[in-house]
Amino acid sequence: MENWIIHIIEQYGYIGILFLIALENVFPPIPSEVILTFGGFMTTKTNLTIGGVVVASTLGSVFGAAILYGVGLLMDIERLGKIVDKWGHILRLTKKDVDHANARFLKYGVWAVFLCRFIPLIRSLISIPAGMARMKFSIFLLLTTIGTAIWNIVLIKIGAMVGESWENIVEYMDMYSHAVYALLIVLFIAFIVWLMKKKRA
């Protein structure tokens with residue numbers, strides 16, 4: 001996949017970066033770290049500029065996030081509640097739990113949408129609950145733009161600074177991603193255990 005990403009950027013420049021980042025948002029397994037750091041490196045040997053790569057990647061991020069926000073709108077809380085009513089007993093979930101989680105998101109969602117832009121995998125998926133909770137779209141776009149722009153600028157700048165050693169940065173980012181995934185798994189298991197204990201009580 002890495003070779004394919006490099007080929008797209010080399011062939012199509014800004015448009016390739018925009019396309020890849022939008023795709024990465026909708027399909028998280030595509031590594032944004034490779035796209036951004038290689039994009040930064042390309043600014044040192046082609047006519048691509050750091051500003052142009054930042055704009056292209058941020059537009060791609062926002063476009064991809066908007067698609068997942070739309071998915072959240074289609075799912076909505078009522079539909080999810082019906083699914084939980086039917087299958088929630090497997091995880092001891094009820095519609096009340098869904099309503100409670102939605103209320104929490106409405107209360108803290110602004111921070112969640114912004115901060116999750118710095119967490120691998122979650123940075124893409126957070127757009128779905130934002131849509132489900134009917135977060136105001138203008139606020140969603142603003143927070144998404146700011147959060148993803150910061151993430152993009154950092155990685156693109158690093159890619160430009162290290163030049164041909166950009167792949168070393170990808171390795172470090174992989175370590176960061178794996179650590180985050182491990183932490184998320186632990187937190188998910190802890191949440192399930194807590195939920196089951198709460199239900200028993």
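Attention in this report is confined to the structure presented alongside it. (Residues numbered from 1 in each chain as written. Predicted model: local features only at pLDDT ≥ 70, side-chain atom pairs only at ≥ 80, totals over all residues. Heavy atoms only, no water.)

**Re the overall build of the chain**
Here is step 1: When helices and strands are tallied, the chain shows 9 helices and 0 strands.
Here is step 2: Taken from the N to the C terminus, the helices and strands of the chain come in the order α-α-α-α-α-α-α-α-α.
Here is step 3: Expressed as a percentage of its 201 residues, the buried residues of the chain come to 43%. (Helix = DSSP H or I, 4+ residues; strand = E, 2+ residues; numbered from the N terminus. Buried < 20%, exposed > 50% of the residue type's maximum accessible area, 1.4 Å probe, protein only.)

**Regarding helix H8 (residues 137-162)**
Here is step 1: For H8, spanning 26 residues, the distance from its first C-alpha to its last is 37 Å, which sits close to the expected 38 Å at 1.5 Å a residue.
Here is step 2: Those residues of H8 not exposed but buried are Phe 140, Leu 143, Thr 144, Gly 147, Thr 148, Ala 149, Trp 151, Asn 152, Leu 155, Ile 156, Gly 159 and Ala 160.
Here is step 3: Just beyond H8, the residue with positive phi is Gly 163, at close to 60°. (Expected span 1.5 Å × (residues − 1).)

**Quick look at the packing of aromatic side chains**
Here a ring pair, both rings aromatic, is described through the centre-centre distance and the interplanar angle of the planes.
Here is step 1: All chains considered together, the criterion is met by 4 aromatic pairs.
Here is step 2: Aromatic pair Tyr 69 and Phe 137: ring centres 5.0 Å apart, planes at 50°, arrangement tilted. Of this pair, Tyr 69 sits in helix H3 (residues 50-75) while Phe 137 is found in helix H8, placing the two residues 68 residues apart along the sequence.
Here is step 3: Classification of Tyr 69 by relative accessible area gives buried; the value is 6%.
Here is step 4: Seen from their ring centres, Tyr 69 and Phe 140 are 4.7 Å apart, and the 35° between their planes marks the pair as tilted. (Phe/Tyr/Trp six-rings, centres within 6.5 Å; stacked < 30°, edge-to-face > 60°.)

**Quick look at the nonpolar core**
Here is step 1: Ranked by size, the top nonpolar core spans 20 residues in total, and within it Ile 5, Ile 9, Ile 17, Leu 20, Ile 35, Leu 36 and Phe 38 carry the most contacts.
Here is step 2: Among the elements of the structure, helix H1 (2-26), helix H2 (32-42), H3 and H8 are those that each provide at least two residues to this core.
Here is step 3: The greatest single-element share of this core, amounting to 7 residues, is contributed by H1.
Here is step 4: Those residues in contact with Leu 36 that sit more than four places away from it in its chain are Ile 21, Ser 57, Trp 151, Asn 152, Leu 155 and Ile 156. (Core = buried A, V, L, I, M, F, W, Y, C linked by side-chain atoms within 4.5 Å. Contact = heavy atoms within 4.5 Å.)

**Section: the side chain of Ser 61**
Here is step 1: Summarising the element assignment, Ser 61 is placed in helix H3.
Here is step 2: A relative accessible area of 0% places Ser 61 in the buried class.
Here is step 3: Once residues lying within four places of it in the same chain are set aside, the contact partners of Ser 61 are Ile 21, Asn 25, Thr 148 and Asn 152.

**Considering the environment of Ile 153**
Here is step 1: Examined against the element boundaries, Ile 153 turns out to sit in helix H8.
Here is step 2: Sequence spacing of Ile 153 and Ser 57 is 96 residues, and the spatial spacing of their C-alpha atoms is 9.2 Å.

**Some remarks on the packing of H2 against H8**
Here is step 1: Relative to each other, H2 and H8 sit at 50°, their axes nearing to 6 Å. Accordingly, the angle class assigned to the pair H2 and H8 is oblique. In this structure, the crossing between H2 and H8 has a hand that is right-handed. Across from Ser 32, Glu 33, Leu 36, Thr 37, Gly 40 and Phe 41 in H2, the residues of H8 making contact are Trp 151, Asn 152, Leu 155, Ile 156, Gly 159 and Ala 160.
Here is step 2: Looking at the contact of H2 with H8 residue by residue, the classes come out as 6 nonpolar, 5 polar and 1 charged. (Axes fitted to C-alpha atoms, helices over the stretch in contact; angles between N-to-C directions. Parallel < 35°, antiparallel > 145°, perpendicular 65-115°, else oblique. Left-handed = near helix turned anticlockwise from the far one by under 90°. Nonpolar A, V, L, I, M, F, W, Y, C, P; charged D, E, K, R; others polar.)

**Structural notes on unusual backbone geometry**
Here is step 1: Its identity as a non-glycine residue notwithstanding, Arg 134 has a phi of 60°, on the positive side.
Here is step 2: Position of Arg 134 relative to the elements: it lies in the loop between helix H7 (127-132) and H8.
Here is step 3: The exposure class of Arg 134 is partly exposed, given its relative accessible area of 46%.

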